[in-house]
Amino acid sequence: MEETELDIPTLFGKNVQKYRKMAGLTQSELSKRLEITQKHLSIIETGTQFASAALIARISKELNVPPAALFGDDLTQAYFDKLYARLATHFENKINWLKTNLTQEITDVLKRQLNSKSE
């Protein structure tokens, strides 16, 4: 089974941005509360640079979310989205194969029945 490749800094940054926006804060407002520059927050949100453990704790506190939320739910959703897509494709291919083969079998049976009745 193919594993989902993880880009932790990008995942973390996207979650920080998501929760910051949910809190109604601009980068400028959150960076002031965190006592970092807006540029520093920007590079964290883009995944260019990863936050220290101390900064992760402060971000979590300021956004009022558990630290795990900054790493987790998008990761889980991304994994299940990929899994669902693979399963959907697999079953769609199986259903199409069955339709094609069953249609041909039914056609063959009907032809044989019609031929046997006409003889």
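What counts, and where the lines are drawn
Residues numbered from 1 in each chain as written. Predicted model: local features only at pLDDT ≥ 70, side-chain atom pairs only at ≥ 80, totals over all residues. Heavy atoms only, no water. Core = buried A, V, L, I, M, F, W, Y, C linked by side-chain atoms within 4.5 Å. Buried < 20%, exposed > 50% of the residue type's maximum accessible area, 1.4 Å probe, protein only. Helix = DSSP H or I, 4+ residues; strand = E, 2+ residues; numbered from the N terminus. Contact = heavy atoms within 4.5 Å. Arc of directions from axis to C-beta.

## Quick word on the nonpolar core
Core analysis: the biggest nonpolar cluster contains 17 residues, and Phe12, Val16, Leu34, Leu55, Ile59, Leu63 and Leu70 have the highest contact counts within it. Elements with a contribution of two residues or more to this core: α1 (8–22), α2 (27–34), α3 (38–45) and α4 (53–63). Counting residues per element, this core draws most heavily on α4, at 4 residues. If we skip the residues at most four places from it in the chain, Leu55 touches Leu34, Ile36, His40 and Ile44.

## Structural notes on α2
Residues Gln27, Leu30, Ser31 and Leu34 constitute the buried set of α2. Taken down its axis, α2 places every buried residue within 100° of arc, on the same side. At the exit of α2 stands Glu35, carrying a positive phi of roughly 60°.

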